[in-house]
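Read off the chains here:
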Amino acid sequence: MEPGIIKKLDEAVVNRIAAGEIIQRPANALKELIENSLDAKSNYIQITIKSGGLKLLQIQDNGTGIRKEDLEIVCERFTTSKLTKFEDLTNIATYGFRGEALSSISHVAHLTIQTKTAQVACGYKACYEDGKLKAPPKPCAGNQGTIISIEDLFYNMPQRKQALKSPAEEFQKLSDVVSKYAVHNSKIGFILKKFGEQPTIKTNVGSTQEQNIRYIFGANIAKELLPIEIEDNIHKFRLKGCVTKVNYSAKKGIMMLFINHRLVDSAALKSAIDSVYSAYLPKGMHPFIYLSLDLEPTNIDVNVHPTKHEVHFLYEDDIIEKIKTYIEIQLLGSNDTRAFYKQLKLPGVVENNENEDNRGSKSEVDKVQPKEIIRTDAKEQKLDKFLITQQNPTQHIKTEFNTSQSSLSQSMNDESFRVTAANISKEVRLTSVLNMQKRVENNCSVHIRKTLKEMVFVGVVDKHFALFQYETRLYLCHTLKFCEELFYQRLLFKFENLPQIKVEPKLPIKQLIVLALNTEESGWTEEDGDKSELASRAATILVEKAAIMREYFSLNISDKGELETLPCLVENHCPSNIYLPLFLLRLATDVEWETEEECFETFCRETARYYTIVSEVELLSDVNRHNWIVEHIIYPAMKRYLLPPNKLKKEMYELTSLPKLYKVFERC
Ligand code: ADP
Ligand code: MG
């Protein structure tokens, strides 16, 4: 057979093919044109569409306009007013920089530019074909700004035209692009309309992002938004935007990501955010996400192909990890999440949903050294295995009242505490509480939070300490210190929404306080006066303040001075009743009842202290039960809820790590 003859392709055909790569559908062209209008400092952009953009795609702006003398070359490839030296590439503030958009469009459609700058009296109109002016620009009337009309897109590329979707679907894609740019550039007025019809999108000049989200995406999304703002000096990035709280979810999630104001995709960031939400949202449901990420221009790979909206940037993994953790903390901090958890995990069920383990995927890539092989499932092996085997103590929490001096010990039998869940969730409006919550969120150590989330419980050491494993390291953790913070935070974040532990039968607080005064811990001395009188006074204070405790903390004291309920801070957990008398005494004497924020602060601290304390008596009588509670109730709750403050770092001691042990054994 004769060999094929190699011919040089006609230049116009080459250009057309290249242009078709860049402009694949009307929505690509529109994105480029909107970015040009934004670069030209417009504050008003109107888009008119005929037949899904195939017959006509027109964009009108009120920007700077194009100078008459530039009209000659504006559609030539690599002509741009935005970049002159190579170094400029590393410092691009404007969107366009390749000077390829208009040129490409002129190769695959009939392109007309009508434009007027502020400096000249009249406008000009010019038509282009294959990157060149068809005739000298003609003067015409018009306002300052530019109208770019693209007609008969792909008239010379029938296959490409055929590959497009229906006009309705193409219009939807155009509408998506306009929606996203309208949210991101909320100060600019956008109009999108089909030719001869009323606008389908119309945003006002100077509106806020929130207003535009509400208008375009609906009130359901707008009312669930959580603002996002990160400023990071280490990796030099800034993130702003908003995400929906866990109450909202939809089958079709919306993810809008702008990097340095360019609409892009990042599969890595998307999947990181999805993984955060997957813990909260029903399977197959997604959030609404709008993020605007500003990176150092030098850290972005600018040379990506214009059709590749997928971007990569320097320190991508670290930055994504930070964003992920931040969003997670925001979600955890939002009241809805708390309410949501409450719905999902009513007391009485001990669940463990936290099995996501990213380490698996990592080990596929890296060759794993034996010293790095880690146990990832607490069920595999625990300390218990080496001790006497035990049965799980019953999930039902028994409470015994062991103060022998009192007849109360009979009345507070095993069944005396019963948990009831409050099922209405109220929104916290008190600034004092919101401030306290904010402080907790701001103090949260991302590192400890991650450690807690991914740790594997090893075993209880004693009343104070437990062991857990994180990656290849073994930690000794001061359970009580963590625990107190956990209870404190639960009081704050479930403020007004705490389920109750019923105290049955009700307990007279005055008598309880007398009991407390009889203990050494109360610090009572002769000078303090008669115990019964003191107890009466303390009880009166508590009855007076009962409304606050009832309304905000689910702690009910009746008018008759009887304790009816205590707050349930962590599912299946009950405080020690041995210290209940002392707790009530402290509430009367140590809580600052008079000023709002101080009152909440001292009340929460006292209560957290009481819930944390483990009595020797209980420990001696049933150490297994204590250990079971620590492992199955306390640590899982820490994993789930605790936003650990930095100061807890010193309560976690690294005992050893596998690599260190290996060094020891290698010497043997
Ligand atoms: P780039 O945006 O990369 O510079 P384009 O092909 O998109 O390349 O545009 C070429 C040039 O045309 C721009 O640099 C700009 O000077 C001019 N231009 C395009 N659209 C507009 C507009 N709407 N208003 C003012 N000037 C524009
Ligand atoms: Mg451009």
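Computed from a predicted model, the values in this text were never measured in an experiment.

**Details of the overall build of the chain**
Argument step 1. Helix and strand counts for the chain stand at 24 helices and 22 strands.
Argument step 2. By the burial criterion, 49% of the 668 residues in the chain qualify as buried.
Argument step 3. Restricting to contacts in the chain with at least 6 residues of sequence separation, those with at least 24 account for 72%.
Argument step 4. Here the chain displays about 33300 Å² of accessible surface, and carbon together with sulfur accounts for 51% of that area.

**Some words on a nonpolar patch on the surface**
Argument step 1. A surface patch of nonpolar side chains, amounting to about 270 Å² of accessible area, comprises Leu661, Val664 and Phe665.
Argument step 2. With respect to the element layout, Val664 can be found in helix α24 (residues 658-667).
Argument step 3. Judged by relative accessible area, Val664 falls into the partly exposed class, the value being 41%.

**A closer look at the sheet that holds strand β10 (residues 225-232)**
Argument step 1. Reading across the sheet, the five strands line up as β10-β11-β14-β12-β13 and stay open at both edges, with mixed pairing between neighbours. The sheet terminates laterally at β10 and β13 (262-264), the two strands that pair on one side only. Taken pair by pair, the neighbouring strands of this sheet meet at an average axis angle of 20°, ignoring direction.
Argument step 2. When β10 meets strand β11 (residues 237-244), the two strands line up antiparallel, connected through eight bridges. Bridge pairing in β11 places Asp232 opposite Phe237.
Argument step 3. Most of the contacts of helix α7 (residues 209-217) go to strand β14 (residues 288-295), to which it runs at about 140°, and overall it touches β10, β11, β12 (254-259) and β14.

**Topic: the pattern of salt bridges**
Argument step 1. According to the stated counting rule, one finds 29 salt bridges in the structure shown.
Argument step 2. The residue Arg25 makes a salt bridge to Glu170 at a minimum N-O spacing of 2.8 Å. Note that Arg25 is positioned in the loop between α1 (11-22) and α2 (26-39) and Glu170 in helix α6 (residues 167-184), a separation of 145 residues in sequence.
Argument step 3. Its relative accessible area of 0% is what places Glu170 among the buried residues.
Argument step 4. Glu484 is the partner of Arg609 in a salt bridge, and the nearest nitrogen-oxygen pair spans 3.9 Å.

**Concerning the sheet that holds strand β17 (residues 465-470)**
Argument step 1. Taken in spatial order, the four strands line up as β16-β17-β18-β22 in an open sheet, and their pairing is antiparallel. On the outer flanks of this sheet lie β16 (456-460) and β22 (652-657), each paired with one strand and no other. Here the strands of the sheet are splayed against their neighbours by 25° on average, with no regard to which way each runs.
Argument step 2. The sheet contact formed by strand β18 (residues 473-478) and β22 spans five bridges and is antiparallel. Bridge assignment links Cys477 to a residue of β22, and that residue is Met652.
Argument step 3. Running at roughly 90° to β17, helix α15 (residues 446-454) makes contact with β16, β17 and β22 of the sheet.
Argument step 4. In the packing of helix α23 (residues 623-641) onto the sheet, contacts are made with β16, β17 and β18, and the angle to β16 comes to roughly 155°.

**Some points on the nonpolar core**
Argument step 1. Leu542, Leu566 and Tyr635 are the most contacted members of the largest nonpolar core, which has 113 residues in total.
Argument step 2. In terms of residues, this core owes the most to one element, α23, which gives nine residues.
Argument step 3. Looking at which domains feed residues into this core, each of domain 2 (218-353) and domain 3 (395-654) gives three or more.
Argument step 4. Judged by nonpolar contacts, the second largest core, of 57 residues, contains Leu71, Tyr124, Tyr248 and Ala250.

**Let's talk about helix α4 (residues 101-108)**
Argument step 1. Among the eight residues of α4, eight are classified as buried, and the element is accordingly described as predominantly covered.
Argument step 2. Within α4 the residues assigned to the buried category are Ala101, Leu102, Ser103, Ser104, Ile105, Ser106, His107 and Val108.
Argument step 3. For α4, the elements touching its buried residues are α1, α2, β3 (110-116), β4 (123-129) and β7 (145-151).

**With respect to the confidence of the model for the chain**
Argument step 1. Per-residue pLDDT for the chain averages 83, and the proportion of residues at 70 or more is 81%.
Argument step 2. For residues 87-97, every residue scores under 50 in pLDDT, and the model assigns this stretch 25 contacts once sequence neighbours within four places are set aside.
Argument step 3. Low confidence marks residues 341-367, where pLDDT is under 50. Its contacts with residues over four positions away, or in another chain, come to 37 contacts.

**Considerations on the pairing of strand β1 (residues 44-50)**
Argument step 1. Burial analysis of β1 places five of its seven residues in the buried class, the great majority of the element.
Argument step 2. Taken together, the six bridges between β1 and strand β8 (residues 189-194) define a ladder with parallel strand orientation. Bridge pairing in β8 places Thr48 opposite Lys193.
Argument step 3. Alignment of β1 against strand β2 (residues 56-61), held across six bridges, turns out to be antiparallel. Counterpart to Ile45 in the pairing with β2 is Asp61.

Cut-offs used in this document
- Residues numbered from 1 in each chain as written.
- Chains lettered and ligands numbered in written order.
- Predicted model: local features only at pLDDT ≥ 70, side-chain atom pairs only at ≥ 80, totals over all residues.
- Heavy atoms only, no water.
- Helix = DSSP H or I, 4+ residues; strand = E, 2+ residues; numbered from the N terminus.
- Buried < 20%, exposed > 50% of the residue type's maximum accessible area, 1.4 Å probe, protein only.
- Contact = heavy atoms within 4.5 Å.
- Areas by Shrake-Rupley, 256 points an atom, 1.4 Å probe, with all protein chains shown as cover.
- Patch = residues over 30% accessible without salt bridge, like charges linked within 9 Å, V, L, I, M, F, W, Y side chains within 5 Å.
- Salt bridge = Lys/Arg side-chain N within 4 Å of Asp/Glu carboxyl O.
- Pairing = 2+ DSSP bridges.
- Axes fitted to C-alpha atoms, helices over the stretch in contact; angles between N-to-C directions.
- Core = buried A, V, L, I, M, F, W, Y, C linked by side-chain atoms within 4.5 Å.
- Domains from an automatic or database assignment.
- pLDDT = per-residue confidence, 0-100.

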